[in-house]
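# Working through the structure, step by step
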Amino acid sequence: MPRQVIITTATLVVLAALGGFWLGQRQVNLDATGVIKAVADAHVATHGGDRSQCVGWPGDDSAVFLVRCGALLYAVDRWGRVSLIDQEGGA
């Protein structure tokens, strides 16, 4: 195999490894106040009501935070994705 092909391949492998490492090290930092405020803002924009009626607490398993606004319960995962959960706890 020509030397230039080996050097190019090795360079691409090293760049891919560094990129994978960098992406693996990224983390989403969620603070409770920011999460509750963001979910409350989205709830008010969608359903109306008052932001002050929303309350949140740490979740478990896949939900890092749970936020209740009125009768609706929202779950926030570690990536910041919000999903609506019904009263029985289903998705």
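Residues numbered from 1 in each chain as written. Predicted model: local features only at pLDDT ≥ 70, side-chain atom pairs only at ≥ 80, totals over all residues. Heavy atoms only, no water.

A word on the pattern of salt bridges. Taken as a whole and judged by the stated rule, the model has two salt bridges. A salt bridge links Asp41 to Arg51; its shortest N-O distance comes to 2.9 Å. Separated by 10 residues along the polypeptide, Asp41 in helix α2 (residues 32-47) and Arg51 in the loop between α2 and β1 (54-58) bring together distant segments of the chain. Classification of Arg51 by relative accessible area gives partly exposed; the value is 42%. (Salt bridge = Lys/Arg side-chain N within 4 Å of Asp/Glu carboxyl O. Helix = DSSP H or I, 4+ residues; strand = E, 2+ residues; numbered from the N terminus. Buried < 20%, exposed > 50% of the residue type's maximum accessible area, 1.4 Å probe, protein only.)

Our focus in this paragraph is the sheet that holds strand β4 (residues 82-85). One open sheet accounts for four strands, arranged β1-β2-β3-β4; its pairing is antiparallel. Of all the strands in the sheet, the pair left with one neighbour each is β1 and β4. Each neighbouring strand pair of the sheet contributes to a mean axis angle of 25°, computed without reference to strand direction. Judged from the five bridges that link them, β1 and strand β2 (residues 65-69) form a sheet pairing that is antiparallel. Paired with Cys54 across the two strands is Cys69, which belongs to β2. (Pairing = 2+ DSSP bridges. Axes fitted to C-alpha atoms, helices over the stretch in contact; angles between N-to-C directions.)

Turning our eyes to something else, we now look at the nonpolar core. Membership of the largest hydrophobic core is limited to nine residues, which are Val35, Val39, Ala40, Cys54, Phe65, Val67, Cys69, Tyr74 and Val76. Listed by contribution, the elements that provide at least two residues to this core are α2, β2 and β3 (72-76). Among all residues touching Ala40, those that are not within four sequence positions of it are Arg51, Cys54 and Cys69. One finds Ala63, Leu66, Ala75 and Ile85 within the second-largest nonpolar core, a separate group that totals five residues. (Core = buried A, V, L, I, M, F, W, Y, C linked by side-chain atoms within 4.5 Å. Contact = heavy atoms within 4.5 Å.)

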